[in-house]
Number of protein chains: 2
Amino acid sequence: MSHMEIREFQEMMKRLYYKRDSERGIDGTFNWLVDEVHELGAELKGSDREATEKEFADVIAWLASLANIMGIDLEQATLNKYNHKCPKCQSSPCACTF
Amino acid sequence: MSHMEIREFQEMMKRLYYKRDSERGIDGTFNWLVDEVHELGAELKGSDREATEKEFADVIAWLASLANIMGIDLEQATLNKYNHKCPKCQSSPCACTF
């Protein structure tokens, strides 16, 4: 089983796609992310496990591409908000009562 | 600077939110993911960097929650498709001509 940090994945996406991502720009890349989320939603209703897994991969890939052209460190942003406890109730597991 | 593998993050989300995520179910959790993507899109048009970073965090968090209730290993699914080369042209950087 291989391992990959969020940051490593974002860096891999940068090596693979940064030139095209930056030429496409923020709006176009965000629109691709939205399309991939919709494709994931369609696969969730089906029974093709491998196709569903590929759509999960595409969503995180386009999220990383968007973070790259925004100059945002996705791993740091993620850990700043979700650091082993719920950002709202500060507990693990979350104990929010809403 | 802290580090986190995609798998570790998914496991953290499972500890924090699995009970609520599984009770909410696939459709409801997918709808939350869609909402978070739209919130990210709104922040991209603004100038609040920290708020934008939090929306990136929320999108990957809800994607991980959805993967948890689907029983999908997000890191493995991601590496199965994006393993240091473009899945279409097999090159790094991507050399697709479309």
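In this report, the structure presented in the accompanying data block is examined. Just so it is clear, the structure is predicted and the values come from calculations on it, not from any experiment.

Quick notes on the overall build of chain A
- Looking only at helices and strands, one finds 3 helices and 0 strands in chain A.
- Reading the helices (α) and strands (β) of chain A from amino to carboxyl end gives α-α-α.
- Along the three orthogonal principal directions, the C-alpha set of chain A runs to about 45 × 35 × 30 Å.
- A burial count over chain A gives 49% of its 98 residues as buried.
- Counting only contacts in chain A whose residues sit at least 6 apart along the sequence, the fraction spanning at least 24 positions is 59%.
- Computing the positive centroid from 12 side-chain charges and the negative centroid from 17, chain A places the two 5 Å apart.

Section: the pattern of salt bridges
- All told, the structure shown has 12 salt bridges over all chains when counted by the stated rule.
- Here Asp58 of chain B and Lys81 of chain A are joined by a salt bridge, their closest N and O atoms 2.9 Å apart. A residue pair is termed interchain when its members come from two chains, as with Asp58 of chain B in helix α2 (residues 49–70) and Lys81 of chain A in helix α3 (residues 74–81).
- The partly exposed category is assigned to Lys81 of chain A, whose relative accessible area is 22%.
- The salt bridge partner of Arg24 of chain B is Asp21 of chain B, with a shortest N-O separation of 2.9 Å. Here Arg24 of chain B and its partner Asp21 of chain B are both found in helix α1 (residues 6–44), 3 residues apart, which amounts to about one turn of the helix.
- On the basis of relative accessible area, Arg24 of chain B is assigned to the partly exposed category, the value being 26%.
- Overlapping salt bridges bring together Arg7, Asp73 and Glu75 of chain A as one network.

Examining the packing of helix α1 (residues 6–44) of chain A against α3 of chain A
Residue and element names in this part refer to chain A.
- Interaxial distance between α1 and α3 falls to 7 Å at its minimum, and their mutual angle equals 150°. The angle between α1 and α3 places the two elements in the roughly antiparallel class. The segment α1 lies against α3, with Ile6, Arg7 and Gln10 engaging Leu74, Glu75 and Gln76.
- For the contact of α1 with α3, the per-class residue count stands at 2 nonpolar, 2 polar and 2 charged.

Section: the interface of chain B and chain A
- At the interface, 61 residues of chain B touch 60 residues of chain A.
- Taken together, both faces of the contact between chain B and chain A bury some 5,400 Å²; the carbon and sulfur share is 68%.
- Inspection of the region where chain B meets chain A yields 20 residue pairs in polar contact (both at pLDDT 80 or more).
- Elements with a contribution of two residues or more to the side of chain B that touches chain A: α1, α2 and α3 (74–81) of chain B.
- Per-element accounting of the side of chain B that touches chain A gives the leading share, 18 residues, to α1 of chain B.

Let's talk about the packing of helix α2 (residues 49–70) of chain A against α3 of chain B
- In the contact formed by α2 of chain A and α3 of chain B, the axes pass within 8 Å of each other and the chain directions differ by 85°. By the criterion of interaxial angle, the relationship of α2 of chain A to α3 of chain B is roughly perpendicular. Of the residues in α3 of chain B, those in contact with Glu53, Lys54, Phe56, Ala57, Asp58 and Ile60 of chain A of α2 of chain A are Leu74, Ala77, Thr78, Asn80 and Lys81 of chain B.
- Among the residues making up the contact of α2 of chain A with α3 of chain B, the classes are represented as 5 nonpolar, 2 polar and 4 charged.

Some thoughts on unusual backbone geometry
- Following Ser92 of chain A, the chain continues into Pro93 of chain A via a peptide bond in cis, with omega recorded as -5°.
- Within the secondary structure, Pro93 of chain A is located in the segment after α3.
- The phi torsion at His84 of chain B lies on the positive side, around 70°, for a residue other than glycine.
- Positionally, His84 of chain B belongs in the segment after α3.

Things to note about the relation of the copies chain B and chain A
- Rotating chain B by 180° and moving it 0.0 Å along the rotation axis overlays it on chain A with an RMSD of 0.0 Å. The operation mapping one copy onto its partner corresponds to a two-fold rotation axis. Across chain B, the rotation axis passes nearest the C-alpha of Glu5 of chain B, at a separation of 1.8 Å.
- Mapped onto chain A, 98% of the interface residues of chain B are again interface residues, and the two copies thus contact each other with one and the same surface.

Thresholds applied
- Residues numbered from 1 in each chain as written.
- Chains lettered and ligands numbered in written order.
- Predicted model: local features only at pLDDT ≥ 70, side-chain atom pairs only at ≥ 80, totals over all residues.
- Heavy atoms only, no water.
- Helix = DSSP H or I, 4+ residues; strand = E, 2+ residues; numbered from the N terminus.
- Buried < 20%, exposed > 50% of the residue type's maximum accessible area, 1.4 Å probe, protein only.
- Contact = heavy atoms within 4.5 Å.
- Lys, Arg positive; Asp, Glu negative; His and termini not counted.
- Charge placed at Lys NZ, Arg CZ, Asp CG, Glu CD.
- Salt bridge = Lys/Arg side-chain N within 4 Å of Asp/Glu carboxyl O.
- Axes fitted to C-alpha atoms, helices over the stretch in contact; angles between N-to-C directions.
- Parallel < 35°, antiparallel > 145°, perpendicular 65-115°, else oblique.
- Nonpolar A, V, L, I, M, F, W, Y, C, P; charged D, E, K, R; others polar.
- Buried area = accessible area lost by both parts, 1.4 Å probe.
- Polar contact = N/O pair within 3.5 Å; in protein donor to acceptor, adjacent residues only side chain to side chain.
- Least-squares fit on C-alpha atoms with pLDDT ≥ 70 in both.

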